[in-house]
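Breakdown of the fold
Given next are the chains, with one letter for each unit.
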Amino acid sequence: MDRHAGTISFETELNKGTVFYVDLPVAPVASDVPKEQHGVLDPPRVLLCTADVGAAAHMRTSLKQGGFEADIANRIGEAEDALMRENYDALLLDVQLPDGDGPALVQRLRALERFQDFPIIGVTLGEAERKQIDAAGTGGLEGCLYAPVDFEVLARAVEAAIGQSGSRPPKLPPIEE
């Protein structure tokens with residue numbers, strides 16, 4: 001009990017019994033403790049923006065198995081809101097979405113100082129988008145993954161884009177399986 005800074009007490013009533021009390025202080029929540037103190041680093045956070053719900057679920061699972069946290073946005077507006085509210089380490093962005101196209105979002109983000117060096121990897125599920133990217137170049141993307149996405153390649157690409165040291169690595173060439 002002493003090691004946990006707790007106390008034990010009791011109340012006794014004759015012919016009724018004894019009630020024991022164990023009081024322990026509330027442990028701090030891990031997020032309240034500085035990382036240096038508990039020695040655990042938060043996993044890198046990735047925002048995945050694609051309208052394909054099935055592909056998003058598979059990519060999220062792959063990223064989690066690769067040691068990443070992953071959130072999903074199904075529209076560009078959702079992605080922009082999430083990027084402005086939360087701190088992410090990278091963005092996986094579908095080229096074509098119901099409410100706009102990925103390259104336009106990349107341009108808006110790159111115009112903001114906070115996102116000038118932010119890793120953005122394109123993800124395209126269609127042949128038409130692949131041809132569009134191949135013709136135009138990566139346009140502010142670190143690289144582009146094409147369907148069908150090999151999930152090991154996905155995790156490696158995100159890891160490379162984020163970089164182990166926290167500094168931005170050199171631009172990746174288009175990634176093909």
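Rules used in this analysis
Residues numbered from 1 in each chain as written. Predicted model: local features only at pLDDT ≥ 70, side-chain atom pairs only at ≥ 80, totals over all residues. Heavy atoms only, no water. Helix = DSSP H or I, 4+ residues; strand = E, 2+ residues; numbered from the N terminus. Buried < 20%, exposed > 50% of the residue type's maximum accessible area, 1.4 Å probe, protein only. Polar contact = N/O pair within 3.5 Å; in protein donor to acceptor, adjacent residues only side chain to side chain. pLDDT = per-residue confidence, 0-100. Contact = heavy atoms within 4.5 Å. Expected span 1.5 Å × (residues − 1). Arc of directions from axis to C-beta. Pairing = 2+ DSSP bridges. Axes fitted to C-alpha atoms, helices over the stretch in contact; angles between N-to-C directions. Phe/Tyr/Trp six-rings, centres within 6.5 Å; stacked < 30°, edge-to-face > 60°. Lys NZ or Arg CZ within 6 Å of the ring centre and 35° of its normal. Parallel < 35°, antiparallel > 145°, perpendicular 65-115°, else oblique. Left-handed = near helix turned anticlockwise from the far one by under 90°.

**Examining unusual backbone geometry**
- The phi angle at Asn15 is positive, at roughly 65°, despite the residue not being glycine.
- Structurally, Asn15 can be placed in the loop between β1 (7–13) and β2 (17–23).
- Among the residues examined, Asn15 registers a relative accessible area of 78% and is labelled exposed.

**So, the side chain of Asp94**
- Position of Asp94 relative to the elements: it lies in strand β5 (residues 90–94).
- Within the local environment of Asp94, its side chain forms a polar contact with the side chain of Thr50, the two groups lying 2.9 Å apart.

**Some points on the confidence of the model for the chain**
- Averaged over all residues, the pLDDT of the chain equals 75, while 71% of them reach at least 70.
- Between residues 164–175, whose pLDDT stays under 50, and residues either more than four places distant or in other chains, the model counts 29 contacts.

**Quick notes on helix α2 (residues 53–65)**
- Compared with the 18 Å implied by 1.5 Å per residue over 13 residues, the 18 Å span of α2 between its first and last C-alpha is a close match.
- Ala55, Ala56, Met59, Ser62 and Leu63 are the residues of α2 that are buried. The buried residues of α2 occupy an angular sector of 130° when projected down its axis, which confines them to one face. For α2, the exposed residues set more than 90 degrees away from the buried face come down to Val53, His58 and Gln65.
- In the core, the buried residues of α2 are packed alongside β3 (45–49), β4 (69–73), β5, β8 (120–124) and α6 (151–162).

**Re the sheet that holds β3**
- The five strands lie next to each other as β4-β3-β5-β8-β9, forming an open sheet whose pairing is parallel. Here the strands that pair on one side only, and so sit at the sheet edges, are β4 and β9 (143–146). Each neighbouring strand pair of the sheet contributes to a mean axis angle of 20°, computed without reference to strand direction.
- Two strands pair when backbone bridges link them, and β3 and β5 are joined in this way by four bridges, in the parallel orientation. Across the sheet, the residue bridging to Cys49 is Leu93, located in β5.
- The strands touched by helix α3 (residues 76–85) within the sheet are β3, β4 and β5, with β3 carrying the most contacts at an inclination of about 160°.

**Re the packing of aromatic side chains**
- This model, assessed by the stated rule, comprises one aromatic pair.
- Look at Phe115 and Phe118: their rings are 5.2 Å apart centre to centre, the planes differ by 90°, and that puts the pair in the edge-to-face class. Here Phe115 matches Phe118 in class, with each residue buried.
- One residue, Arg45, lies across the ring of Tyr88, its end atom 4.5 Å from the ring centre.

**Considering the packing of α3 against helix α4 (residues 102–110)**
- Where α3 contacts α4, the axes come no closer than 11 Å and their chain directions differ by 25°. The pairing of α3 with α4 is recorded here as roughly parallel in orientation. Judged by the sense of rotation from one axis to the other, the crossing of α3 with α4 is right-handed. Across the interface between the two elements, Ile76, Ala79, Glu80, Leu83 and Met84 from α3 touch Gly102, Leu105, Arg108 and Leu109 from α4.

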